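Structural description and commentary
One-letter residues, chain by chain:
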Amino acid sequence: MQKLPSGAYFVVGEVNSGKSSLVKSMIALDKKGFKSGNRFGPGVSPLPCFTRSEKKYRLSTVGLTLIDTPGFAPRNKGVYGTLLKEYLNKVPKVYKAASDGKNGHKCVPLDIKQAKRFNGERVFSVGGLFFLRPPSGNVFKIRQSLIGEQAIYKNIEKVFELSSTRPKAVAKQFAVSHDAILKMKRFVIPPFYGNIDLVVKGAGFVTISPTSSKENGGLYQLYVPDGVEILVRESIFNFIYKMKVRPEKEQKEGKTHPTKKLHKMRSVNNKKLVFTELYPVEMNLSDAEAFQKVVPYSVFSSNSTAKSQEEFRNEYWKQPSLK
Ligand SMILES: Nc1nc2c(ncn2[C@@H]2O[C@H](COP(=O)(O)OP(=O)(O)OP(=O)(O)O)[C@@H](O)[C@H]2O)c(=O)[nH]1
Ligand SMILES: [Mg+2]
């Protein structure tokens, strides 16, 4: 930060790419605080299009002015090229604004839905942006930081069937066309420990927290419509979380009961990957055949000896390629 020539800087980039987080971190590094702007810096959200107008922040110690800006999302690129017009026009004002520059960035903040439990025997979806098939008998909680209706289907064949006819009751479960569903690709998620985020590029993410041990071994599988891109990461909530602590002064006085909730950050273990690409597998393979494309049978059928997410090496994870 000290090396930057003084002056004003616009922070620009795609929606949800971390612009406001960067500004916020730089403000935290600025020792003397502020001459103008919000004392706490910009708001940050896992949902795209959170910043709705330009905001200036002056960093007094280094003579920099940072201007946080709303993100942009090209109308016909990536997930915005795939989402249905009806979907863009309905609840998710956020997508509408992000995909249509004419309307400016009139986004509405959205609530993150509460965690829920799902029986993993079936197929779970948010907005038809992905269809998750957990190993049989698996139970998991989800936390949704993505716009779309949650739905559970009996199996993947049922998804194809319902998508082709789209009766009124289920139409709103699909944010993408039937064509995109027909061109769906199948993937396997490599073995993981603890909570993961399914990151839907440009749209948000869903946190998956398994709450049962796997009865028969097996891996999580994902079916992803054409035009949607998904990566998996160790859940962001493992790294950024709130904790009750007692302020330093009171600690010195020997008081032990915590009084304050503070944001905490745990640093990333850089000896292992925290992001992975998914493993593509052919549609017609049996589950066992598909899993063996990812790991030897002995790995997914045995219980891991790791005692924590920190200890689990993510050894079958694949570094995502930058496109
Ligand atoms: N994994 C990871 N997540 C990050 C990082 N920086 C920010 N995030 C997360 O990414 C999400 C989006 O961050 P923001 O700073 O709101 O992104 P933005 O670019 O300002 O988004 P818009 O205002 O919507 O355009 C939040 O959930 C952040 O916690 C990072 O370095 N690594
Ligand atoms: Mg922002």
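Residues numbered from 1 in each chain as written. Chains lettered and ligands numbered in written order. Predicted model: local features only at pLDDT ≥ 70, side-chain atom pairs only at ≥ 80, totals over all residues.

**Considering the overall build of the chain**
As a reminder, the rule being used: Numbered from the N terminus, helices here are DSSP runs of H or I no shorter than four residues, and strands are runs of E no shorter than two. Exposure classification rests on a simple neighbour count of other C-beta atoms within 10 Å of a residue's own: a residue reaching 20 or more is buried, one at 12 or fewer is exposed, and one in between is partly exposed. C-beta atoms are placed from the backbone. In this description, any two residues whose backbone-derived C-beta atoms lie within 7 Å of each other are considered to be in contact.
When its secondary structure is counted, the chain shows ten helices and 17 strands. Out of the 323 residues in the chain, the part that is buried amounts to 34%. Long-range pairs, those at least 24 residues apart, make up 69% of the contacts in the chain with a sequence separation of at least 6.

**Looking at the sheet that holds strand E12 (residues 221-224)**
Strand pairing within a sheet occurs via backbone hydrogen bonds; the two strands may be parallel or antiparallel. The test is simple: Strands are labelled as partners when DSSP assigns at least two bridges between them. Lines are fitted to the C-alpha atoms to define the axes, a helix being fitted only along its stretch in contact, and any angle between axes, read from their N-to-C directions, falls within 0 to 180 degrees.
Here six strands make up an open sheet; going across it, the order is E8-E5-E6-E12-E9-E17 and the pairing antiparallel. Taken across any chain shown, the strands that pair with only one partner, and hence form the sheet edges, are strand E8 (150-153) and strand E17 (279-281). Strand-to-strand twist of the sheet, defined as the mean angle between neighbouring strand axes without regard to direction, takes the value 30 degrees. Examined bridge by bridge, strand E5 (residues 123-126) and strand E6 (residues 131-133) share two bridges and lie antiparallel to one another. Opposite phenylalanine 124, over in E6, you have leucine 132 as the bridge partner.

**Points about the confidence of the model for the chain**
Our working rule: A score from 0 to 100, pLDDT tells how confident the predictor is in each residue.
Averaged over all residues, the pLDDT of the chain equals 78, while 73% of them reach at least 70. Long-range and interchain partners of residues 90-115, a stretch whose pLDDT sits below 50, account for 51 contacts in this model, where long-range means more than four residues apart.

**A closer look at the sheet that holds strand E1 (residues 7-11)**
Taken in spatial order, the three strands line up as E1-E3-E2 in an open sheet, and their pairing is mixed. Both edges of this open sheet fall to E1 and strand E2 (55-59), since each of them pairs with a single strand only. For this sheet, the mean inter-axis angle between neighbouring strands, taken without regard to orientation, is 20 degrees. Sitting on the sheet, helix H1 (residues 19-29) is in contact with E1, E2 and strand E3 (64-68), with an inclination near 155 degrees to E3.

**Comments concerning the nonpolar core**
Our working definition: Think of a nonpolar core as buried Ala, Val, Leu, Ile, Met, Phe, Trp, Tyr and Cys residues chained together by C-beta atoms that fall within 7 Å.
Core analysis: the biggest nonpolar cluster contains 45 residues, and Phe130, Leu198, Val200, Leu222 and Ile230 have the highest contact counts within it. Of the residues forming this core, the biggest block, four residues, is contributed by strand E10 (residues 196-200). If sequence neighbours within four positions are ignored, leucine 198 has contacts with Phe130, Phe205, Val206, Ile208, Ile230 and Val232. By size, the runner-up hydrophobic cluster in this structure holds six residues, among which are Val11, Ile27, Tyr57 and Leu66.

**Some words on the environment of glutamate 149**
For glutamate 149, the location among the structural elements is in the loop between strand E7 (139-146) and E8. Judged by the 15 C-beta atoms lying within 10 Å of it, glutamate 149 is partly exposed. As for glutamate 149 and glycine 128, which are separated by 21 residues in sequence, their C-alpha atoms are 8.0 Å apart.

**Examining helix H5 (residues 156-165)**
Applied cut-off: Taken from the helix axis, the directions to the C-beta atoms give the arc we talk about.
Along H5, the residues that are buried comprise Val159, Leu162 and Ser163. Projected down its long axis, H5 shows its buried positions confined to an angular sector of 100 degrees, all on one face. Across from the buried face of H5, at angles greater than 90 degrees, the exposed residues are Glu157, Glu161, Ser164 and Thr165. On its buried face, H5 sits against E5, E6, E8, helix H6 (168-171) and helix H7 (178-182). Phi turns positive, to about 45 degrees, at arginine 166, one or two residues after H5.

**Points about the environment of glycine 148**
Structurally, the position occupied by glycine 148 is in the loop between E7 and E8. Looking at glycine 148, the number of C-beta atoms within 10 Å reads 24, which means it is buried. Along the chain, glycine 148 and glutamine 173 lie 25 residues apart, while their C-alpha atoms are 7.2 Å from each other. Excluding its chain neighbours within four sequence positions, the residues that come into contact with glycine 148 are Val126, Gly127, Leu129 and Ala175.

**A short note on H1**
Lys19, Ser20, Val23 and Ile27 are the residues of H1 that are buried. The arc that holds the buried residues of H1, viewed along the axis, is 95 degrees, so those residues lie on one side. Exposed side of H1, more than 90 degrees from the buried face: Ala28 and Leu29 are the residues found there. Of the surrounding elements, those touching the buried residues of H1 are E1, E2 and E3.

**Considering unusual backbone geometry**
Of note, the phi angle at arginine 166 is positive, near 45 degrees, even though the residue is not glycine. With 15 C-beta atoms counted inside 10 Å, the residue arginine 166 sits in the partly exposed group. Despite not being glycine, asparagine 314 has its phi angle at roughly 55 degrees, a positive value. A count of 20 C-beta atoms within 10 Å places asparagine 314 in the buried class.

**Regarding the environment of glycine 63**
For glycine 63, the location among the structural elements is in the loop between E2 and E3. The spacing of glycine 63 and aspartate 30 is 33 residues in sequence and 9.9 Å in space, taken between C-alpha atoms.

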